[in-house]
Amino acid sequence: MATALRWGVLSTANIGRAAVIPAIQQSHNGEMVAVASRTIAAAQEFAGRMNIPRYFGSYEALLASDEVDAVYIPLPNSLHKEWSIRTAQAGKHILCEKPLALTAAECEEMAAAAAANGVYLMEAFMYRFHPRIVRVQELLDANAIGAQRFIYATFTFRLTDEKNIRFQSNLGGGALMDVGCYCVNAARTLAGREPCQVQANAVWHKTGVDSRLAGLLDFGDGLIAQFDCALTMARREAFQVAGDDGYLEVADAFLPGTKDVIIVERHGRDAPIVHPVTGVDEYRRMVEHFSDSVLHQRPLQYDAAEAAANMRVIEALYRSARNGGAPTMV
């Protein structure tokens with residue numbers, strides 16, 4: 001049995017360079033073997049800089065390689081479906097950046113292609129592999145703050161390059177698609193169920209994408225989640241979960257780095273309870289989990305059906321935002 005999954009990456013995108021490729025290289029069960037770009041020169045330069053042994057001048061050439069078992073896809077959102085399906089048809093496992101696709105229907109098509117070709121497909125929500133989110137869920141399960149009533153999440157940052165792909169509607173850009181998808185995913189994960197109705201209001205960029213968006217998720221049973229996201233504001237990332245008896249606060253919620261972190265538990269004016277969590281590389285934990293699942297034929301922590309569920313909520317939020325914030329069924 002193989003002890004390491006051999007990885008290739010489609011494109012020289014910054015997220016791969018900065019986070020996922022180093023995570024694969026440092027993992028105990030993965031090997032970074034190849035990169036592909038639209039030109040051989042770009043692939044060669046990137047491979048040399050990142051210490052990757054093989055490089056290809058087209059995505060098709062990498063997918064044809066017998067030396068690659070799994071492919072990481074950090075392409076623009078609009079290309080996720082096409083290249084995930086082509087990767088599946090090449091018999092290679094797929095870790096694809098979030099959001100997995102532009103619609104829930106596309107997620108389902110990608111899942112069907114993966115199943116038909118006997119490969120794994122997972123959306124790269126790395127924050128879900130940090131032990132802090134596990135500890136938060138343990139506290140909620142232990143009724144530490146009583147029955148959940150409100151969830152609040154935020155993820156904002158400022159882009160200054162008007163040509164950035166996040167501002168391009170034809171590439172699947174927008175604040176909700178880029179960082180708001182984390183807030184939606186966190187709310188659904190913490191709630192442990194799906195919202196039945198949503199509302200959203202957006203500020204629209206001149207290119208047609210949402211530059212700022214605020215949303216509300218109604219779970220129909222007394223639990224409401226609120227969030228905001230933006231491409232044009234100072235960086236903020238956090239979430240809170242409030243119950244009848246107290247609340248939990250999590251700062252640097254999605255990208256804490258590798259430093260030690262905390263969960264703050266508060267009960268009215270009582271002294272806060274601080275729950276320390278040892279720092280980890282959440283990207284490394286994600287790729288190690290994926291590699292372990294493939295190598296040992298174990299279930300993934302979550303599959304493409306989860307990505308489709310997240311996109312159904314996002315699609316409903318966009319319908320609401322384009323309809324003046326009207327309540328919209330999921």
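Before reading on, note that the structure itself is shown above.
Peer 1: Explain the sheet that holds strand β13 (residues 261-266) to me, using residue names and the numbers behind them.
Peer 2: Spatially, β14-β13-β12-β11-β7-β10-β9-β8-β15 is the arrangement adopted by the nine strands of the open sheet, whose pairing is mixed. Each having just a single partner strand, β14 (273-277) and β15 (328-329) make up the two edges of the open sheet. Two elements, β13 and β14, share five bridges in a ladder whose sense is antiparallel. Of the residues in β14, the one forming a bridge with Val261 is Val277.

Peer 1: Before we move on, can you summarise the nonpolar core with the specific residues and values?
Peer 2: One finds Trp7, Phe227 and Phe290 to be the most contacted residues of the largest nonpolar core, which totals 112 residues. Ranked by the residues each element gives to this core, the list is headed by helix α7 (residues 175-191), at 12 residues. Here Phe290 is in contact with Leu5, Trp7, Ala70, His93, Ile94, Leu95, Tyr120, Met122 and Leu300, once residues within four sequence places are set aside.

Peer 1: Please set out empty space enclosed by the protein residue by residue, giving values where relevant.
Peer 2: Enumeration according to the criterion identifies one cavity of 30 Å³ or more in this entry. Reported here for the largest cavity is a volume of approximately 60 Å³. Along the walls of the largest cavity sit Tyr127, His130, Arg132, Ile133, Phe239, Val250, Ala253, Pro256 and Glu282, which together make up its complete lining. Looking at the lining of the largest cavity residue by residue, the class counts come to six nonpolar, one polar and two charged.

Peer 1: An account of the pairing of strand β1 (residues 5-10) is requested, with residue identities and associated values reported.
Peer 2: Of all six residues that make up β1, five are buried, and the element is covered over most of its length. Two elements, β1 and strand β2 (residues 30-36), share six bridges in a ladder whose sense is parallel. Of the residues in β2, the one forming a bridge with Leu5 is Gly30. Taken together, β1, helix α1 (residues 14-26) and β2 constitute a β-α-β crossover, and its handedness is right-handed.

Peer 1: Tell me about the state of the cysteines, and please be specific about residues and values.
Peer 2: A covalent bond between the sulfur atoms of two cysteines is referred to as a disulfide. Tallied over the full model, the rule gives zero disulfides. In this structure Cys96 is not part of a disulfide, and its nearest cysteine sulfur, from Cys107, lies 8.9 Å away. Cys181 takes part in no disulfide bond, and the closest cysteine sulfur to it belongs to Cys183, at a distance of 8.3 Å.

Peer 1: Can you break down the environment of Val134 residue by residue, with the values?
Peer 2: Tracing the chain through its elements places Val134 in helix α6 (residues 131-141). For Val134, a relative accessible area of 43% corresponds to the partly exposed category. In the structure, Val134 is positioned 56 residues away from Leu190 in sequence and 9.9 Å away in space, judged by C-alpha atoms.

Peer 1: Mind laying out the sheet that holds strand β5 (residues 93-96), listing which residues take part and the relevant values?
Peer 2: Reading across from one edge, β3-β2-β1-β4-β5-β6 is the order of the six strands in this open sheet, with parallel pairing throughout. In the strand order of this sheet, the two ends are held by β3 (54-56) and β6 (121-123), each with one partner. In this sheet, adjacent strand axes meet at a mean angle of 25° when their direction is disregarded. Where β5 lies against β6, three bridges are found, and the strand directions are parallel.

Peer 1: Requested: an account of the environment of Thr189, with residues and values cited.
Peer 2: Topologically, Thr189 is positioned in helix α7. Here the alpha-carbon distance between Thr189 and Gly215, two residues 26 residues apart in the chain, equals 16 Å.

Peer 1: Please give an account of unusual backbone geometry that cites residues and values.
Peer 2: With omega at -10°, the peptide bond leading from Lys98 into Pro99 counts as cis. Structurally, Pro99 can be placed in the loop between β5 and α5 (104-116). Phi is positive for Asn51, which is not a glycine, with a value near 60°. By the element assignment, Asn51 lies in the loop between α2 (40-50) and β3. Although it is not a glycine, Asp252 adopts a positive phi angle of roughly 45°. Looking at where Asp252 falls in the secondary structure, it is placed in the loop between β12 (247-251) and β13.

Conventions used here
- Every chain's residues receive numbers from 1 upward, in the order its sequence appears when written.
- Per-residue local features of the predicted model are confined to residues with pLDDT of at least 70, and side-chain atom pairs are confined, for both listing and counting, to 80 or more; whole-chain, interface and lining totals are unaffected and use all residues.
- Heavy atoms throughout the structure, all of them, feed into the side-chain values; hydrogens and water do not.
- One requirement defines pairing of two strands: DSSP has to find at least two bridges between them.
- Each helix is a run of H or I in the DSSP string that is no shorter than four residues. Each strand is a run of E no shorter than two, and both are numbered from the N terminus.
- What is meant by a nonpolar core is a set of buried Ala, Val, Leu, Ile, Met, Phe, Trp, Tyr and Cys residues, joined one to another through side-chain atoms within 4.5 Å.
- Burial here depends on accessible area, computed with a 1.4 Å probe over protein chains only, as a share of the maximum for the residue type. Under 20% is buried, over 50% is exposed, and the range in between is partly exposed.
- Residues count as neighbours in contact if any of their non-hydrogen atoms are within 4.5 Å of one another.
- Lining residues are those with an atom within 4 Å of a point, where the points come from a 1 Å grid over the protein atoms alone and group into cavities, where a 1.4 Å probe fits but cannot get out, or pockets, open sets with protein on both sides within 12 Å along at least five of seven lines.
- Grid points are joined across faces, edges and corners, and a volume is the space filled by probe spheres set on the points.
- Asp, Glu, Lys and Arg are counted as charged, while Ala, Val, Leu, Ile, Met, Phe, Trp, Tyr, Cys and Pro are counted as nonpolar; the rest, among them Gly, fall into the polar class.
- With the strands pointing away from the viewer, any crossover whose connection runs clockwise from the first strand over the helix to the second is right-handed.
- What counts as a disulfide here is a pair of cysteine sulfur atoms lying within 2.5 Å.
- The axes are straight lines fitted to the C-alpha atoms, using for helices just the contacting stretch, and the angles between their N-to-C directions are given from 0 to 180°.

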